[in-house]
Amino acid sequence: MARALLVGATGLVGRELLQLLQSDPQITAIVAPTRTPLPPHGKLTNPVGDALFELLSSLQQPVDLVFCCLGTTRRAAGSADAFRYVDYQLVVESALTGRRLGAQHCLVVSALGANADSTFLYNRTKGEMEQALREQHWPRLTLVRPSMLVGDRPAPRLMERLTLPLFRLLPGKWRAVAAKDVAQTLLQQAFTPGEGIRVLESDRLHCYRG
């Protein structure tokens, strides 16, 4: 049995993961801070507020697992600094909050191509985020690196709509992957025995075939 902190519950992967956590008998309680209210559920505690950083700071309920599904793009965020705030600072703060609340396993959605030395902002930020999490010395850290995510977004991204046909045909780790499969992988990994750091590239996930 485990209690979970879920950050990013309204996002593409987070929505799928929340449903899985709610239906899994191994999960006894879920803490999911969000900007907009989530549908009520018997397992769910849902702090709501505009500032996620402040919501995380106020949490006191002990947890065993922390799932972080935060992610945006520079275009959606509005600037490079705003993008980095979400994809680096808030992810790192989510993990630190989990540690403070007693979690022993941190599971995070990163991205294919994450590399702290990359010249590309997106890949570099993801790589620096992963590096910061490694430096937190988790008993267990799981990083999943999906390729293009497929699912029902409230606001579809134009570039993703244009390039999805290509990503459906690409081989191996480049093939598009369904958000629900990423969520399922996270849940499976949460209860798979092991310790230390595990990185799952996109070809280790269930690839989208639709």
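Residues numbered from 1 in each chain as written. Predicted model: local features only at pLDDT ≥ 70, side-chain atom pairs only at ≥ 80, totals over all residues. Heavy atoms only, no water.

(A) Here's a closer look at the nonpolar core. Core analysis: the biggest nonpolar cluster contains 30 residues, and Leu-6, Val-13, Leu-17, Phe-67, Val-182 and Leu-186 have the highest contact counts within it. The set of elements that each furnish at least two residues to this core consists of β1 (2-7), α1 (12-23), β2 (27-31), β4 (65-68), β5 (105-109) and α7 (179-190). Per element, the largest residue contribution to this core is six residues, and it comes from α7. Counting residues in each nonpolar core, the second largest holds 22 residues, with Val-31, Leu-59, Leu-70 and Leu-133 among its members. (Core = buried A, V, L, I, M, F, W, Y, C linked by side-chain atoms within 4.5 Å. Buried < 20%, exposed > 50% of the residue type's maximum accessible area, 1.4 Å probe, protein only. Helix = DSSP H or I, 4+ residues; strand = E, 2+ residues; numbered from the N terminus.)

(B) Highlighting the side chain of Thr-185. Checked against the element boundaries, Thr-185 lands in helix α7. Residue Thr-185 is classed as buried on the basis of its relative accessible area of 5%. Among the polar contacts made by the side chain of Thr-185, one reaches the main-chain carbonyl oxygen of Asp-181 at a distance of 2.9 Å. (Polar contact = N/O pair within 3.5 Å; in protein donor to acceptor, adjacent residues only side chain to side chain.)

(C) Representation of the packing of α1 against α7 in the model. Orientation of α1 relative to α7, taken along the N-to-C sense of each, is 50°, at an axis distance of 8 Å. Looking at the two axes, α1 sits oblique to α7. Crossing hand, α1 versus α7: right-handed. Residues Leu-12, Val-13, Glu-16, Leu-17, Leu-20 and Leu-21 of α1 form the contact with α7, whose participating residues are Ala-179, Lys-180, Val-182, Ala-183, Gln-184, Leu-186 and Leu-187. A breakdown of the residues in the contact of α1 with α7 according to their chemical character gives 10 nonpolar, one polar and two charged. (Axes fitted to C-alpha atoms, helices over the stretch in contact; angles between N-to-C directions. Parallel < 35°, antiparallel > 145°, perpendicular 65-115°, else oblique. Left-handed = near helix turned anticlockwise from the far one by under 90°. Contact = heavy atoms within 4.5 Å. Nonpolar A, V, L, I, M, F, W, Y, C, P; charged D, E, K, R; others polar.)

(D) Here's a closer look at the pairing of strand β6 (residues 140-145). Of all the six residues making up β6, six are buried; the element is thus mostly covered by neighbouring parts of the structure. Here β6 shows a buried face lined by Arg-140, Thr-142 and Val-144 and a second buried face lined by Leu-141, Leu-143 and Arg-145. Relative to β6, β5 is paired through five bridges, and the arrangement is parallel. For Val-108, the partnering residue across the bridge sits in β6 and is Leu-143. On the question of chirality, the crossover connecting β5 to the parallel β6 by way of helix α5 (residues 121-134) is right-handed. Relative to strand β9 (residues 196-201), β6 runs parallel, the two sharing six bridges. Counterpart to Val-144 in the pairing with β9 is Leu-200. (Pairing = 2+ DSSP bridges. Right-handed = clockwise from strand over helix to strand, strands pointing away.)

(E) Representation of the sheet that holds β5 in the model. The seven strands are arranged β3-β2-β1-β4-β5-β6-β9 in an open sheet whose pairing can be described as parallel. On the outer flanks of this sheet lie β3 (44-45) and β9, each paired with one strand and no other. In this structure, β1 lies alongside β2, joined through four bridges in parallel fashion. Bridging across to β2, Ala-2 finds its partner in Ile-27. Where α5 meets the sheet, its contacts fall on β5, β6 and β9, and the angle it forms with β6 comes to roughly 170°.

(F) Structural detail: the pattern of salt bridges. As enumerated under the stated definition, the model contains five salt bridges in all. In this structure, Arg-3 engages Asp-64 in a salt bridge whose closest nitrogen and oxygen atoms are separated by 3.2 Å. Of this pair, Arg-3 sits in strand β1 while Asp-64 sits in the loop between α2 (52-58) and β4, placing them 61 residues apart in sequence. According to the relative accessible area criterion, Arg-3 is partly exposed, its value standing at 33%. With a relative accessible area of 27%, Asp-64 lands in the partly exposed category. In this structure, Glu-130 engages Arg-145 in a salt bridge whose closest nitrogen and oxygen atoms are separated by 2.6 Å. Placement of Glu-130 in helix α5 and of Arg-145 in strand β6 is noted, with a sequence separation of 15 residues between them. Relative accessible area serves as the criterion here: at 3%, Glu-130 is assigned to the buried category. Several salt bridges converge on common partners, so that one network encompasses Glu-130, Arg-145 and Glu-201. (Salt bridge = Lys/Arg side-chain N within 4 Å of Asp/Glu carboxyl O.)

Coordinates in, geometry out; function isn't part of it.
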